[in-house]
Amino acid sequence: MNTYHVAIIGVGPRGLNILERIKAIFEQQLIEMELVVHLIDPGEPGQGTHVANQLDYFLINTIAGQVTMFSDTTVTNAGIVVKGQSLLEWASEQGYRYADGSYIKACQEGRSLSENDYLPRSILGAYLTSVFDKIVYSLPSNIKLRHYRCRAENLVNGKDDCIDVVLEEGYKLAVNFVFITIGHSQSKPDFEEQKMSEKVLACGRHNPHLAYFHNPYPITKLTSISPQASVVVQGMGLTAYDVIAQLTIGRGGRFIGNTPEQIWYKPSGREPQIMIYSRQSLPFSGRGVNEKGISGQYQAKFFTQQQIDQLRQRAFQIRRTYQLDFFEELYPVLFKEMCYVYEVTKLGVRELNPQLYAPSEEVKHAIEYIFNPLRNSDFKDHNDFETFILKLLEDDIVQAFGGNVSNPLKATTDMLRDVRDNLRYAVDYGGLTPSSHKRFLKEFCPIINRIAVGPPKERNIELLALLEAGIVKLGPGPNSTLEFSEQDSKFLLKSTQLRSPSVNSFDVLIRAKLDSFYPTTDRSKLIKNLLRSGMVTPYKNGAFHPGGIAIDESQNIVTRDGKVYKNIWALGVLVEGPNFYTYVLPRPFVNSKALQDAGRCVLAMLNQIVCHETRPLHEAKLEN
């Protein structure tokens with residue numbers, strides 16, 4: 001019997017998708033063969049960053065009913081469908097219930113789980129490992145599994161078109177196929193960040209509370225911050241909410257009350273003083289109450305793949321290129337779609353005639369305000385700005401309770417999540433001109449993240465309570481500047497757009513932002529070695545490097561010299577650059593892109609075996 005060997009490097013959710021597709025697709029094959037799957041990951045299988053042993057106040061940013069690791073009948077070109085439990089189904093079967101503000105297993109009190117619950121990430125981690133266990137226990141006899149609790153440090157060309165996977169301690173593993181599915185990484189600090197670290201280190205003897213956190217994860221390291229310290233958090237996105245939770249609930253504080261109007265924060269006394277700020281200094285909008293069920297999605301009337309194709313044809317006729325300018329060609333169509341959703345929802349009608357629709361000036365203004373509520377604002381001082389943001393936050397909470405179908409604002413912003421695949425269709429594989437691609441990532445994506453993929457509304461209710469309690473304060477307006485004073489051994493946050501300028505000093509700076517994946521600055525030994533050998537190369541759209549490594553449209557890696565490795569695939573954060581928005585977990589019944597990609601890659605591997613494009617290996621031995 002012929003034996004083939006495949007390595008999956010990184011067994012978080014993306015690697016788990018590959019393993020599930022291997023089991024499902026190869027189980028159906030009648031050909032005489034054996035497949036040995038080598039899993040290479042030092043962590044608990046399936047979990048990735050969603051570790052099961054983290055504290056329960058860190059929540060998933062997606063409702064329980066919209067997370068799954070299994071394909072369904074909507075998933076196209078991904079192989080046979082093998083049914084499996086969604087996160088909600090699994091957690092309900094495990095006996096989790098919601099009681100006293102927590103999700104508790106084997107509890108007789110409280111209520112059953114709802115599809116609209118935002119569950120703790122610890123439960124997600126346990127679910128992912130349970131999926132792994134289910135796959136392992138049901139593997140057919142001709143699929144073997146080996147798990148190496150270590151990291152891969154290199155890939156090199158082996159004999160007979162095989163790939164040698166170099167593990168820690170120098171051991172080599174010869175395989176026929178490789179899937180690289182490593183997830184979030186950490187970048188080396190740039191020059192300015194390194195300079196900041198050196199200054200903090202040099203001034204530490206003058207200020208015992210002084211500290212700089214380039215990355216807040218693992219979040220437990222923030223326990224070193226003294227309650228007497230003053231903390232400035234750079235960033236107001238989802239990572240900032242984690243930091244705030246760790247420094248408040250994680251210090252023993254509690255939110256008390258049963259309704260948004262009654263919730264207040266009871267401090268433990270161990271919280272530091274916290275100020276949060278960002279470039280725009282706008283908190284993320286909370287998710288609207290889900291009214292779409294598990295699989296409901298808005299179907300675009302204007303921003304369709306057909307329309308994108310037509311724009312490409314027109315661009316080719318005018319400029320002899322199929323690449324689009326996002327702001328000149330795509331944004332007007334997307335803006336019209338937003339206006340349409342806002343107006344239909346506000347009027348309470350099912351639809352308007354798309355052929356005749358033209359947005360009114362009032363609706364255009366409403367959408368422009370969603371994008372930039374600070375437009376034409378003028379703030380006297382810090383208190384004036386904070387009053388404005390508090391009102392904005394209160395309004396957003398009210399809107400969120402209105403629902404993502406019934407409320408005009410939340411229906412409009414949730415639509416942006418629903419048309420994400422169309423955005424991918426427009427952006428992936430150099431779909432935008434290089435200059436437009438750069439501007440799209442720098443200017444448009446931060447706004448989309450803020451208005452469409454924010455936290456559960458409960459997190460904003462808690463943030464409002466923390467602001468009212470004085471535990472958290474808002475930074476002094478948009479485009480504030482951060483400096484380090486060596487004379488005072490303090491960080492200084494200065495306003496730039498207040499009529500009465502403001503300066504605040506702090507002991508601790510926390511950079512609340514996940515590193516984007518840039519190969520040349522990544523800390524991973526695997527990536528360093530692959531770059532050095534030229535087996536991978538940074539992805540370029542013209543002269544612009546948006547991040548990620550180069551791949552072709554089959555997810556196969558492309559070398560520095562332009563060679564395509566048909567037996568090595570890369571998926572997930574590693575290719576955030578040629579692919580757009582690779583961070584999300586699969587969702588049931590919406591033809592999930594993550595499940596599509598996993599299935600396509602595994603089917604390509606099967607095709608190479610069936611067509612005898614790859615020689616079998618009888619045994620893959622570890623060699624030193």
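Chemist: Break down the overall build of the protein chain for me, citing the residues and quoting the values.
Modeler: Helix and strand content of the protein chain: 15 helices and 23 strands. Since a compact globule built from 624 residues should have a radius of gyration of about 25 Å, the 25 Å found for the protein chain is in line with a globular shape. Considering only C-alpha atoms, the protein chain reaches an extent of 75 × 70 × 60 Å along its principal axes. Out of the 624 residues in the protein chain, the part that is buried amounts to 55%. Accessible surface for the protein chain amounts to roughly 27,700 Å². Of this, 49% is attributable to carbon and sulfur atoms. Averaging the locations of the 68 positively and 68 negatively charged side chains of the protein chain gives two centres separated by 2 Å.

Chemist: Got a sec to walk through a positive patch on the surface? Specific residues and values, please.
Modeler: A cluster of like positive charges, contributed by Lys188, Arg523, Lys528 and Arg532, occupies part of the molecular surface. Note on placement: Lys528 falls in helix α14 (residues 525–533).

Chemist: Can you lay out the sheet that holds strand β5 (residues 111–112) for me, pointing to particular residues and giving the numbers?
Modeler: Spatially, the three strands line up as an open sheet ordered β4-β3-β5, and their pairing is antiparallel. With partners counted over all chains shown, the strands left at the sheet margins are β4 (102–105) and β5, one partner each. As judged from the four bridges shared by strand β3 (residues 96–99) and β4, these two strands associate in the antiparallel manner. When the sheet's bridge partners are listed, Tyr98 is paired in β4 with Tyr103.

Chemist: For the packing of aromatic side chains, give the residues involved together with the corresponding values.
Modeler: Aromatic rings in a pair are described by how distant their centres are and how their planes are angled relative to each other. Taken as a whole, this structure holds 28 aromatic pairs when the rule is applied. Ring centres of Phe302 and Tyr340 lie 5.5 Å apart, and the angle between their planes is 80 degrees; on these two criteria the pair is classed as edge-to-face. Of this pair, Phe302 sits in the loop between β15 (273–277) and α6 (305–319) while Tyr340 sits in helix α7 (residues 326–347), placing them 38 residues apart in sequence. In terms of burial, Phe302 and Tyr340 fall into one category: buried. A centroid spacing of 5.6 Å and a plane angle of 80 degrees characterise the contact between Tyr581 and Tyr583, whose relative ring orientation is edge-to-face. Among the residues examined, Tyr581 registers a relative accessible area of 14% and is labelled buried. Pairwise contacts between aromatic rings join Phe326, Phe327, Tyr331, Phe335, Phe371, Phe440, Phe444, Phe580, Tyr581 and Tyr583 into one cluster. We note Lys563 situated over the ring of Tyr565; from NZ or CZ to the ring centre the distance is 4.3 Å.

Chemist: Requested: an account of helix α4 (residues 191–203), with residues and values cited.
Modeler: Taking 1.5 Å per residue, 13 residues should reach 18 Å; α4 reaches 18 Å between its end C-alpha atoms and fits that length. Turning to α4, its buried residues number three or more, namely Glu193, Met196, Val200 and Cys203. Looking straight down α4, one finds that the buried residues subtend no more than 100 degrees of arc, so they occupy a single side. Of the exposed residues in α4, those oriented more than 90 degrees away from the buried face are Phe191 and Leu201. Those residues of α4 hidden inside the fold are in contact with β11 (211–213), β17 (481–485), β18 (490–494) and β20 (508–511). A side-chain oxygen of the first residue of α4 lies 3.2 Å from the backbone nitrogen of Glu192; this N-cap is Asp190.

Chemist: Please provide a residue-by-residue account of unusual backbone geometry, values included.
Modeler: Residue Tyr217 is joined to Pro218 through a cis peptide bond whose omega torsion reads -5 degrees. Residues other than glycine seldom take positive phi values, yet Glu169 does so here, at roughly 70 degrees. Checked against the element boundaries, Glu169 lands in the loop between β8 (163–167) and β9 (172–175). Of note, Gln555 is a non-glycine position whose phi angle comes to about 70 degrees, a positive value. The topology assignment puts Gln555 in the loop between α14 and β21 (556–558). Taking the relative accessible area as the measure of exposure, Gln555 reaches 1% and is therefore buried.

Chemist: Let's hear about the sheet that holds β18: which residues, and what values?
Modeler: If you walk across this open sheet you meet the three strands as β17-β18-β19, and the pairing is antiparallel. The open sheet is flanked by β17 and β19 (503–506), the only strands paired with a single partner. In this sheet, neighbouring strand axes are inclined to one another by 25 degrees on average, regardless of whether the strands run parallel or antiparallel. Relative to β18, β17 runs antiparallel, the two being bridged by five bridges. Following the sheet pairing, Thr481 is matched in β18 by Lys494. In the packing of α4 onto the sheet, contacts are made with β17 and β18, and the angle to β17 comes to roughly 35 degrees.

Chemist: Any chance you could break down the packing of helix α9 (residues 382–402) against helix α13 (residues 457–469) for me, citing the residues and the numbers?
Modeler: Running from N to C, α9 and α13 cross one another at 150 degrees; their axes reach a closest spacing of 10 Å. Our classification of the angle between α9 and α13 gives roughly antiparallel. For α9 against α13, the interelement crossing comes out left-handed. Here Glu386, Leu390, Leu393, Glu394, Asp396, Ile397, Ala400 and Phe401 of α9 come into contact with α13, specifically with Lys457, Asn460, Ile461, Leu463, Leu464, Leu467 and Glu468. Among the residues making up the contact of α9 with α13, the classes are represented as nine nonpolar, one polar and five charged.

Chemist: Could you give an account of the nonpolar core, with specific residues and numbers?
Modeler: If you look at the biggest cluster of nonpolar residues, it comprises 46 residues, and the most contacted ones within it are Ile22, Phe26, Leu35, Phe179 and Met605. Elements supplying a minimum of two residues to this core: β1 (2–9), α1 (13–27), β2 (33–40), α2 (87–93), α3 (121–137), β10 (177–180) and α15 (593–610). Here the element with the most residues in this core is α3; it accounts for seven residues. Apart from residues no more than four positions distant in its own chain, Leu35 is found in contact with Tyr4, Val6, Ile22, Phe26, Asn142, Ile143, Lys144 and Met605. Judged by nonpolar contacts, the second largest core, of 43 residues, contains Ile308, Leu330, Leu423 and Ala452.

Chemist: Tell me about the layout of surface pockets, and name the residues and values.
Modeler: A volume near 1,100 Å³ is recorded for the second largest pocket. Of all the elements in the fold, those that place two or more residues in the lining of the second largest pocket are β4, β13 (254–256) and α13. Here the residues of the lining of the second largest pocket sort into 15 nonpolar, ten polar and ten charged.

Criteria and cut-off values
- Counting of residues starts from 1 at the beginning of each chain's written sequence and follows it residue by residue.
- Note on the predicted model: pLDDT of at least 70 is required for a residue's local features to be given, and 80 or more for side-chain atom pairs to be given and counted; whole-chain, interface and lining totals, by contrast, use all residues.
- Note: side-chain values were computed over all heavy atoms of the structure, leaving out hydrogens and water.
- Here a helix means four or more residues in a row that DSSP labels H or I, a strand means two or more in a row labelled E, and each is numbered from the N terminus.
- With C-alpha atoms as the basis for the radius of gyration, the globule rule is written as 2.2 Å multiplied by the number of residues raised to the power 0.38.
- Think of it in three bands: residues with accessible area under 20% of the maximum for their type are buried, residues over 50% are exposed, and the middle band is partly exposed, with areas taken using a 1.4 Å probe on protein chains only.
- Under the convention used here, a 1.4 Å probe and the Shrake-Rupley method define accessible areas, while residue burial counts only the protein chains that appear.
- Two residue types count as positive, namely Lys and Arg, and two as negative, namely Asp and Glu; His and chain ends fall outside the count.
- The location of each charge is read from NZ of Lys, CZ of Arg, CG of Asp or CD of Glu.
- Patch membership needs two things, relative accessible area over 30% and no salt bridge, and members are linked within 9 Å if like-charged or within 5 Å if nonpolar (Val, Leu, Ile, Met, Phe, Trp, Tyr).
- Definition used for salt bridges: Asp or Glu carboxyl oxygen within 4 Å of a side-chain nitrogen of Lys or Arg.
- Only strands joined by at least two bridges in the DSSP assignment are considered to pair.
- Aromatic rings from Phe, Tyr and Trp, taking only the six-membered ring of Trp, are treated as a pair when their centres fall within 6.5 Å; an angle between ring planes under 30 degrees marks them as stacked, one over 60 as edge-to-face, and anything in between as tilted.
- Consider the ring centre and the ring normal. A charge sits over the ring if Lys NZ or Arg CZ is within 6 Å of that centre and within 35 degrees of that normal.
- To estimate how far a helix should reach, multiply one less than its number of residues by 1.5 Å.
- Arc, as used here, means the arc of the directions from the helix axis to the C-beta atoms.
- We call two residues in contact when some of their heavy atoms are within 4.5 Å.
- Pairing of N or O atoms within 3.5 Å defines a polar contact, subject to two protein rules: one partner must be a possible hydrogen donor and the other a possible acceptor, and residues neighboring in sequence count only if both atoms are side-chain atoms.
- Axis definition: a line fit to C-alpha positions, over the contact stretch in the case of helices; interaxial angles, taken between N-to-C directions, run 0 to 180 degrees.
- Roughly parallel means an angle under 35 degrees; roughly antiparallel, over 145; roughly perpendicular, 65 to 115; everything else is oblique.
- Crossing handedness is defined as follows: a turn of the near helix away from the far one that is anticlockwise and smaller than a right angle gives a left-handed crossing, while the clockwise case is right-handed.
- All residues other than Ala, Val, Leu, Ile, Met, Phe, Trp, Tyr, Cys, Pro, Asp, Glu, Lys and Arg, Gly among them, are scored as polar; the first ten of these are nonpolar and the last four charged.
- For our purposes a nonpolar core is just a set of buried Ala, Val, Leu, Ile, Met, Phe, Trp, Tyr and Cys residues, chained together by side-chain atoms within 4.5 Å.
- Put simply, the grid is 1 Å and covers the protein atoms alone, a cavity is a trapped set of points that fit a 1.4 Å probe, a pocket is an open set with protein on both sides within 12 Å along at least five of seven lines, and lining residues have an atom within 4 Å of a point.
- Grid points are joined across faces, edges and corners, and a volume is the space filled by probe spheres set on the points.

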